Structure formats: structure tokens, C-alpha cells
Amino acid sequence: MDSPQGVWWKPAGRAEKLWVGIAFGWCLVLFAMMPLWHLKGKQNTTGIRSRVEPAAFQKRTIEFIQQYQIGNEQGIPVVEPPPGSDVYLLARMWSWVPILKLQKGAQYTLHLSSIDLNHGFNLHPMNINLQVVPDYDYALRIVPGEAGDLRIVCNEFCGIGHHAMIGKLIVVDESEQTVTYGGGER
Amino acid sequence: MSETFRTCPVTRFKVHSQADALIKANAVAATIFLIVGGIAALLVLLTRWQVVHILDPAWFYRMLTIHGMSMLIFFILFFEMAVLYFAGPVVLSSRVPAPRIGWLSFVVMVVGALMVEWAMWTGRADVMFSSYVPLKAHWSYYLGVILFAVGALTVVGLFFAALVVAKRERTYEGSVPLVTFGALTAAIIAVVTLGHGAAIYIPTFFWSLGLMHVDPAVYRLVFWGLGHSAQQINLGAMVALWYMLGALTVGAVVLNEKISRSAFVLYILFINMAAAHHLLVDPVAGPAWKVWNTSYAMYLAVLASMVHGFTIPAGIEVGQRLRGVTQGMFGWLRKAPWGDPGFSSLIFSIVIFGFVGGITGVTFGTEQINLIAHNTLRIPGHFHATVVGGTALAFMGATYYLIPLIFRKQVAFWSLAKIQPYVFAFGMLVFTMAMTFAGTFGVPRRHWDITFSNSSFDLQYSPAVDLVIGVMAIGGLIAALGGMMYILVTVWSVFFGRPFDLETIRAEGRT
Amino acid sequence: MALQMHGVPRGITHPPAPLPPGADHEHPKTTGTLVLVFVFLAAFAVYYFVNWKLLSLVWRIG
């Protein structure tokens with residue numbers, strides 16, 4: 001509250017210097033972790049980022065569905081693309097299209113975009129979260145780590161039907177050879 | 001316009017009548033928006049607590065928008081305008097330059113805020129605080145925000161003018177006090193922030209009229225230059241108030257002006273780029289951009305906060321020890337005036353801001369970790385700890401000094417005022433920790449129904465989530481009770497309080 | 001003890017005593033604060049690395 005008089009640019013005390021040094025060191029640790037994870041870690045957000053017109057993305061998604069569709073559930077096509085392929089997931093008010101059926105341990109390139117508003121991709125129960133922005137294609141190489149009947153929750157507000165926007169994603173373990181999809185006609 | 005000076009009997013500041021009046025007006029406006037935002041908060045909380053689930057979806061999203069705007073923009077910025085008039089003209093014993101402009105800005109801000117409130121309450125702006133394009137609100141919403149920002153920017157300009165006037169008229173000697181220095185950093189950050197606000201809300205306003213296109217990704221980038229940087233104004237103002245409350249309540253010393261002031265400068269230099277952490281899982285920026293902005297830049301601002309987190313308690317410790325409170329390692333803390341709501345607010349604000357808000361914020365703002373945090377309840381858990389448990393609580397503590405020093409009233413319901421920081425801090429601590437923990441299960445933020453009762457596919461969260469959300473709700477209700485106590489005390493003191501006269505009180509021999 | 005209806009913070013009625021002259025500003029003792037900030041740093045490090053661990057458990061993505 002008081003005005004310092006004269007020169008206040010004085011050397012700091014020992015404890016203060018010690019703490020500033022330690023805090024700075026900790027900041028360097030924080031800094032190092034991110035590049036390090038790019039080299040050693042298996043979860044990154046880089047992906048392939050590009051612009052896409054909503055109409056073009058919708059067209060690509062429809063072609064993708066026609067190519068690999070195996071059934072329908074709740075009026076949404078169920079699609080089983082081969083491992084290694086590009087897969088498309090389109091967000092719109094208020095659904096995720098299509099329902100993807102993927103194999104555990106195989107790698108896919110997952111393309112995410114929206115044809116209307118911002119949406120949020122939240123994979124349940126793995127808790128992987130990505131922002132889905134119209135006009136942009138976010139393509140991420142993913143490897144499903146466990147089999148199961150999963151859900152995609154929208155976690156970005158997208159209007160009055162936001163809370164009902166939920167999608168489905170199926171991961172099967174091919175090595176077990178037992179999982180068949182009830183709704184599909186193979 | 002009447003312009004006189006009085007000398008404050010406690011601080012010996014020469015207080016300009018216009019500074020008094022402008023602080024009062026802005027503080028009252030802040031409290032009104034706190035009440036509006038608080039009611040919305042309670043309704044939102046009681047809806048997310050699925051056991052009660054009080055609102056329908058339309059009103060839930062509307063109330064959430066009202067809660068965000070009323071609290072994060074209107075309440076906080078009106079209060080910060082009061083802080084600027086205090087840290088500038090009052091602390092420097094100077095006059096308010098051009099008080100008419102101060103009143104004009106106040107009116108512009110009120111008009112802007114009312115336009116936004118009108119748009120929200122009439123369902124013309126169910127777009128959330130972030131209003132991501134292409135989600136569209138009525139044009140009056142964007143215009144209201146622009147007016148409010150212009151008014152706030154003018155007050156910031158008046159603050160700079162007050163510094164120049166005080167220097168020229170020699171109302172103080174030496175350098176400006178640290179509290180003013182901190183407010184100055186907040187003001188500089190405000191200029192940058194409101195610049196981003198103009199850069200995004202003006203195009204968006206034209207877009208809402210159908211006159212131009214706004215790119216959704218560009219909107220997110222520039223919006224967060226406003227949306228997050230605005231929180232750094234709070235940060236600067238809050239840390240300045242920490243130093244002030246330390247000095248007023250226990251005579252805390254400033255260990256080293258160089259260190260504390262350099263830390264404030266780090267905020268100005270780096271905090272703006274830290275807004276990049278909102279785009280860590282966006283489909284636009286590459287890893288180099290993300291790492292640069294959120295580490296090189298952000299961590300130097302984090303460093304600044306860690307420095308203040310040391311210098312303020314250390315200043316209290318040294319102040320106490322020099323006055324003879326030297327018992328043991330923590331005697332200075334045990335023997336502190338815990339019955340003074342200014343002091344208890346200060347300590348709880350530092351603890352909640354640092355331990356809950358700070359740690360979670362830095363962790364979630366890490367490029368890859370954001371994958372398991374983005375848009376889950378972990379995010380509001382983090383920023384309620386910083387903005388509510390930290391900033392709002394510090395503002396509350398400062399209010400208990402503002403009422404006698406500026407409003408010149410005694411604090412009403414004094415027994416209530418003394419326990420208010422304890423109730424509020426405890427509630428917020430439970431609320432924020434539970435909310436953050438619920439987000440660890442992937443529970444989304446801004447969501448009306450996490451039981452998904454009307455959805456095409458079922459989804460069941462782990463039973464633990466119900467429990468954690470229940471704890472969150474109870475914490476939130478306790479915090480709301482603390483908030484109501486604060487509003488009761490301040491409103492009653494200001495409008496019906498007994499006048500404060502230091503001599504009489506000392507003569508009466510009461511505390 | 002009767003409930004106090006009106007009051008003024010201690011910092012105003014009993015302002016902190018002025019610092020004793022000749023107080024040793026140069027070598028202040030801050031052991032208590034140092035302990036507190038190290039507790040903070042430890043909590044920070046634990047939470048930070050627990051989150052890296054949680055992240056490492058989710059699917060391969062990139």
C-alpha cells in the first residue's frame with residue numbers, strides 16, 4: 001500500500017531466490033514433458049488437419065457408408081471398414097453418423113467434422129475428447145485398445161437437442177471370433 | 001459536479017468525492033449482477049443434480065448462459081472497475097480525471113449489460129458464454145457486449161489518466177505502491193483483452209445481421225483471446241487485492257519489490273498466449289504452435305503465480321515475526337486474526353486458487369493431457385476454483401474493508417460476516433473438487449441430462465458418478481448459502497447500515 | 001456472547017502496529033512459508049504425473 005522510495009531494484013533474500021529457482025525448474029519440467037510425449041508417448045493431438053466444405057465432407061461420408069455398410073440401427077447405418085482404412089464420422093444436430101464397427105488393435109484414420117455447429121467428441125467410457133469444428137477435417141490415427149459397445153457423447157453445446165446427441169461405436173476382438181453384430185446382415 | 005476531498009481516518013488517503021461515488025456505483029452494479037448470476041447458478045446446480053433436475057432443457061441452457069455472462073463478465077468487470085478507481089485515485093490520493101467520462105462509461109456499461117440480459121432472458125441468445133459461431137444469437141446480444149466492452153475500456157483509460165495526473169500533481173512520492181502496480185498490470189491486460197473482444201464481437205455482430213462470414217475456427221481463436229485473457233484481468237486484480245488485504249489485516253511486508261513487480265510483468269508478457277490452451281484438441285493448430293504457446297509462454301505466467309504464492313504468505317510471515325509473533329514454525333499463522341473476514345478470505349482465496357484451481361489448470365492445459373479433460377466437468381471444476389474460490393472470494397474479503405472505508409458504514413450482521421468466508425470457502429472447496437473429480441469419469445460439461453433418458457442409445461455412468469455429483473451439489477448449496485450471506489450483509493450494510501465513525505467506535509471501546 | 005449486529009474489521013479498528021525501527025528486513029525468516037510452498041509443489045507434482053499416467057491408459061491416438 002505504501003509507495004516505495006528511491007531505488008527498489010534490490011537483491012532478493014535467500015528463501016525468495018531459492019523458491020523462484022525451484023519454481024522455474026518445475027516450469028522446465030512441465031515444458032519438457034510435452035515434446036517428450038510426442039517422442040515417447042502414444043497419445044497425441046497432432047493428426048492431419050485440413051479445411052473441408054461441409055457438403056464435401058457429407059459426400060465423402062455418404063460414399064464411405066455405401067462402401068462398407070453392414071446394417072442399420074435406430075435409423076443410423078452401421079459400417080464396418082477394413083483395418084487401415086480412412087473412416088468418417090459426421091457430427092450434426094443431433095446425431096453421430098454412422099455407427100462404426102472397428103477391430104481391436106487395428107489402426108484406422110478417423111476423420112471428424114461437423115456439417116452445422118461446433119460439436120464435441122467424447123468417447124465413453126475411455127474419456128477421449130476432441131473438438132469437432134465445421135469447415136475443418138480432424139483426422140487422427142487411432143488404435144482401439146479394448147473391445148466393447150461404446151458411446152460417443154456430444155460435449156459441446158449445440159442447441160436444444162444437445163443432451164440427446166449420442167452415438168455408438170463398436171469394437172470387436174477378432175481374435176476371439178465370437179462377437180457377432182446382432183442388427184447386421186453379414 | 002461536486003468535487004471535494006476527505007481524508008480517510010484509517011489509511012490517511014485523500015479521497016476524491018467522485019472516486020467515492022464511482023466506486024459505490026460500480027460496486028452496487030456488480031452486486032446486482034452477482035444476485036442475478038447467483039440465482040441462475042442455483043437453478044443450474046439443481047438441474048445438474050439429477051435427483052432434483054428442476055429446469056427443462058430450454059431454461060437450463062438459458063440459465064447457464066445467463067449465469068456465465070452475469071458472473072464472468074458483468075459482476076467481475078463492474079467490481080474490477082471499482083478496484084481500478086480505488087487502486088488509482090484513492091491509493092494515490094489523487095482526483096479522478098474527467099469524472100463525467102467515468103459516469104458516461106458507467107451508463108454505457110449498464111446499457112450494454114441490460115441489452116445482453118434482455119436478449120438472454122427472452123430466449124434470443126441461448127448460446128452459452130462462449131457463443132461459438134455458427135451458433136447464432138440475436139444481434140442485440142453482440143451489440144450489448146460491444147457497448148459493455150467500450151465502456152470498460154474507457155474506464156481503463158481513465159485509470160491510466162489518473163496515474164498521469166497523480167504523478168504530475170505530485171500526490172505521492174517515489175514509485176507507485178505495489179497494489180497500484182498490480183492494478184496497472186490488470187489494466188494493461190484489459191486493453192489487450194478488450195481489443196480481442198472488439199476484433200471478434202464486431203465481425204460477429206455483422207455476421208448476425210447477415211452481412212459477413214466468420215470462420216468457426218478463427219472465432220474460437222480470437223474469442224479465447226478475450227474469454228481467457230479476461231480471467232487474467234481477474235488474476236491481476238485478485239493478486240493486487242491479496243497484497244492489499246495482507247497489508248491491511250496483518251501489516252504484511254513486501255519482501256522484495258523487484259521480485260513481486262517482475263512477476264506482474266510476466267503476466268502482461270505471457271498470459272495472453274496462454275489462451276491457446278483452449279484449442280489443444282482443435283483441428284487447426286499444429287503441435288509446435290500448441291507447445292510454444294502453452295508451455296514457453298504459459299509457464300512463465302505460471303511461474304509468476306507461483307512467485308506470488310510465495311511472496312504473499314512470506315510477507316505475512318515476516319510482518320508477523322517482525323512484530324514479535326515468533327513462536328515456532330507456524331505461530332505467525334495460528335496467531336493471525338482469523339476472526340477478521342478480510343484475513344480469512346485472503347488465506348482461503350490463496351489456498352483454493354493455488355491448490356485446486358492452479359494445479360488443475362496447468363495440468364489440463366498440457367497439450368496431450370487435454371485429451372482426457374477437454375469439455376468434461378474437469379474444466380468448470382478448474383475455473384470455479386480460480387474465479388469463484390479465488391477471485392470472487394478475494395473480492396468478498398475486500399468488500400468488508402470497502403464498506404467502512406468507502407461507503408463509511410459499519411458492516412451489518414457482523415457475526416454472520418465473520419463466518420461468511422468459512423462457509424463460502426468450504427462450499428466452494430467441496431464443490432470444485434467434486435466437480436473436477438466427476439469430470440475424470442468423462443462426464444460432460446454444459447449438459448442437461450447425463451442419464452440420457454430420451455436418447456437413441458443408453459449410457460450409464462459408473463455409480464460413483466451419482467455419488468460425486470451429489471457431493472458436488474451439496475458443496476454448491478453450501479457455497480450458495482455463503483453467497484447469500486455475503487449479499488445480505490453487503491446490501492443491508494450499504495442501505496440500512498449504521499454510519500461508520502472511527503472515533504466513536506474507539507470511544508465505545510468495542511472491537 | 002451476544003450476536004454482534006454491527007462491526008468493523010480488526011485491520012481498521014486495530015491497525016497493525018508500525019514495524020519496530022531497525023527491524024531486520026534484509027534477512028527475514030520464512031521457514032513456515034517455505035514448508036507450505038513445498039507442500040504445494042508436492043501436490044502439484046503428484047496430480048500432474050497421475051494425469052500423465054491416466055492419459056497413458058487410453059487408446060493410441062495421434
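Each value, and the rule that gives it
- Residues numbered from 1 in each chain as written.
- Chains lettered and ligands numbered in written order.
- Predicted model: local features only at pLDDT ≥ 70, side-chain atom pairs only at ≥ 80, totals over all residues.
- Helix = DSSP H or I, 4+ residues; strand = E, 2+ residues; numbered from the N terminus.
- Rg over C-alpha atoms; globule rule 2.2 N^0.38 Å.
- Contact = placed C-beta atoms within 7 Å.
- Nonpolar A, V, L, I, M, F, W, Y, C, P; charged D, E, K, R; others polar.
- Axes fitted to C-alpha atoms, helices over the stretch in contact; angles between N-to-C directions.
- Parallel < 35°, antiparallel > 145°, perpendicular 65-115°, else oblique.
- Left-handed = near helix turned anticlockwise from the far one by under 90°.
- Pairing = 2+ DSSP bridges.
- Buried ≥ 20, exposed ≤ 12 C-beta atoms within 10 Å, placed from the backbone.

S.K.: Just give me the short version of the overall build of chain B, but keep the residues and values in it.
M.R.: Looking only at helices and strands, chain B features 15 helices and 3 strands. A compact globule built from 511 residues would reach a C-alpha radius of gyration of about 24 Å, and chain B, at 22 Å, matches this within 12%. Projected onto the principal axes, the alpha-carbon positions of chain B cover approximately 70 × 55 × 50 Å. Sequence-distant contacts, at least 24 apart, represent 83% of the contacts inside chain B between residues at least 6 apart.

S.K.: Give a detailed account of the environment of G32(C), specifying residues and quantitative values.
M.R.: Relative to the elements of secondary structure, G32(C) occurs in helix α2 (residues 31-56). Taking the C-alpha atoms as reference points, G32(C) and F49(C), 17 residues apart in sequence, are found 26 Å from one another. With sequence-adjacent residues up to four places away left out, G32(C) is seen in contact with E317(B), M329(B), F330(B), W332(B) and L333(B).

S.K.: Mind laying out the interface of chain B and chain A, listing which residues take part and the relevant values?
M.R.: With 65 residues of chain B at the contact, the number on the chain A side is 59 residues. Elements that contribute at least two residues to the side of chain B that touches chain A include exactly α2 (57-90), α6 (216-227), α7 (229-250), α8 (257-270) and α9 (287-322) of chain B. Its residues assigned to classes, the side of chain B that touches chain A shows 40 nonpolar, 16 polar and 9 charged.

S.K.: Any details on the packing of helix α4 (residues 139-168) of chain B against helix α5 (residues 178-208) of chain B? Residues and values, ideally.
M.R.: All names here are of chain B. The geometry of α4 relative to α5 is characterised by a closest axis approach of 9 Å and an angle of 155° between their N-to-C directions. The angle between α4 and α5 places the two elements in the roughly antiparallel class. Our pair here, α4 against α5, has a crossing hand that is left-handed. Counted together, W139, Y142, L143, V145, I146, A149, A152, L153, V156, F159 and F160 of α4 and A187, A190, V191, L194, G197, A198, Y201, I202, T204, F205 and S208 of α5 form the full contact between these two elements. Its residues assigned to classes, the contact of α4 with α5 comprises 19 nonpolar, 3 polar and no charged.

S.K.: Requested: an account of the interface of chain B and chain C, with residues and values cited.
M.R.: Each partner contributes to the interface: chain B provides 46 residues, whereas chain C provides 36 residues. Where the side of chain B that touches chain C is concerned, the elements lending two or more residues are α7, α9, α10 (331-334), α11 (341-364), α12 (378-407), β3 (411-412), α13 (414-440) and α15 (502-508) of chain B. Here the side of chain B that touches chain C gets 8 residues from one element, more than from any other, and that element is α9(B). Classifying every residue of the side of chain B that touches chain C gives 30 nonpolar, 10 polar and 6 charged. Inspection of the sheet shows β3(B) paired to strand β1 (residues 6-7) of chain C by 2 bridges, in the antiparallel sense.

S.K.: Can you break down the pairing of strand β9 (residues 128-132) of chain A residue by residue, with the values?
M.R.: Residue and element names in this part refer to chain A. Within β9, 5 of the 5 residues are buried, which leaves the element mostly enclosed by the surrounding structure. With burial as the criterion, each face of β9 is covered, one bearing I128, L130 and V132 and the other bearing N129 and Q131. Bridge analysis of strand β8 (residues 119-124) against β9 gives 5 bridges, and the strand direction is antiparallel. Bridge pairing in β9 places G120 opposite Q131. Between the end of β8 and the start of β9, which pair antiparallel, lie 3 residues, with N127 showing a positive phi angle near 60°.

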